[in-house]
Amino acid sequence: PTPLPSGLPPALPVPPMGVRGSTRARVLPDPDAACPETHAGRGAPAAAVKQLADACGLRPAAPALSGTLGDADPAKSGPLRVKKGQCYRLLVAHEPALQDVVVVLRDSLGAVAAVGPEVAVPASGKVCFEADDDATVMVSAGTGRGAFVVQVVER
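Bear in mind that the values here come from a model prediction, so they are computed numbers and not experimental data.

J.: Would you explain the pairing of strand β6 (residues 102-106) in this entry?
T.: Within a regular strand, the side chains alternate between the two sheet faces. Where β6 and strand β10 (residues 133-140) come together, five bridges link them in antiparallel fashion. By the bridge assignment, Val 102 is partnered in β10 with Ser 140. The pairing of β6 with strand β7 (residues 112-116) spans four bridges and is classified as antiparallel. Opposite Arg 106, over in β7, you have Val 112 as the bridge partner. Hairpin connection of β6 to β7: five residues between the antiparallel strands, including Gly 110 at a positive phi of 90 degrees.

J.: What should I look at first to understand the nonpolar core in this one?
T.: The tendency in soluble globular proteins is for nonpolar side chains to be buried as a group. If you look at the biggest cluster of nonpolar residues, it comprises 25 residues, and the most contacted ones within it are Leu 105, Phe 129, Val 137 and Val 150. Counting only elements with at least two residues in this core, the list comes to β3 (65-70), β4 (76-82), β5 (87-94), β6, β7, β9 (125-129), β10 and β11 (145-154). In this structure, Leu 105 is in contact with Leu 80, Leu 90, Ala 111, Val 112, Ala 113, Ala 114, Val 127, Phe 129, Ala 135, Thr 136 and Val 137, ignoring residues within four places of it in sequence. By size, the runner-up hydrophobic cluster in this structure holds twelve residues, among which are Ala 48, Leu 52, Ala 53 and Leu 91.

What counts, and at which threshold
- Residues numbered from 1 in each chain as written.
- Predicted model: local features only at pLDDT ≥ 70, side-chain atom pairs only at ≥ 80, totals over all residues.
- Heavy atoms only, no water.
- Pairing = 2+ DSSP bridges.
- Helix = DSSP H or I, 4+ residues; strand = E, 2+ residues; numbered from the N terminus.
- Core = buried A, V, L, I, M, F, W, Y, C linked by side-chain atoms within 4.5 Å.
- Buried < 20%, exposed > 50% of the residue type's maximum accessible area, 1.4 Å probe, protein only.
- Contact = heavy atoms within 4.5 Å.

Printed below as a string of C-alpha cells:
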C-alpha cells in the first residue's frame with residue numbers, strides 16, 4: 001500500500017452514529033484557544049483552574065463544579081444557565097491519580113454541545129449558545145480516584 005501523505009490536516013472528531021449534536025449551541029473558532037494549553041496550572045485542582053483563568057484573561061461565568069470522582073462512580077453533573085449570544089469554555093483540572101477525565105456540556109434537550117478530555121473544552125474554540133438555555137456540565141473518570149474542578153469561563 002502507498003503511505004499516506006504527511007501534509008494532511010488532523011482528522012476532525014466525528015460524533016458516534018446517530019448523535020446529531022446540539023442545535024442550540026455551536027463551537028466557534030477562538031484565536032486565543034491555545035492559551036490554557038500553554039499556561040498549565042499547577043497545584044490543587046482549584047488553584048490550577050484559577051491560575052489558568054487568570055493567565056488567559058478569563059472570568060468565571062458560573063460556580064465551579066468540583067468534587068471527588070473515581071472510575072467506579074457515575075458521572076457528576078451540575079446545572080449551567082447560559083445566555084443567548086454568550087460564548088463559554090470549560091477549564092478542567094484534576095489530581096494526577098484521576099485519569100482519563102472527560103467533560104461533556106449538554107444543552108437542555110440533552111444534545112452534546114461540547115466534549116473533551118482537554119484542559120479546556122472545547123479544545124480549539126468556544127461554545128456559543130443561540131438562545132437562553134439550561135445546560136448541564138458532566139464529568140466522568142476512566143481510571144483512578146481523585147479530586148477535580150471544572151470552571152465555566154467567558155471573556
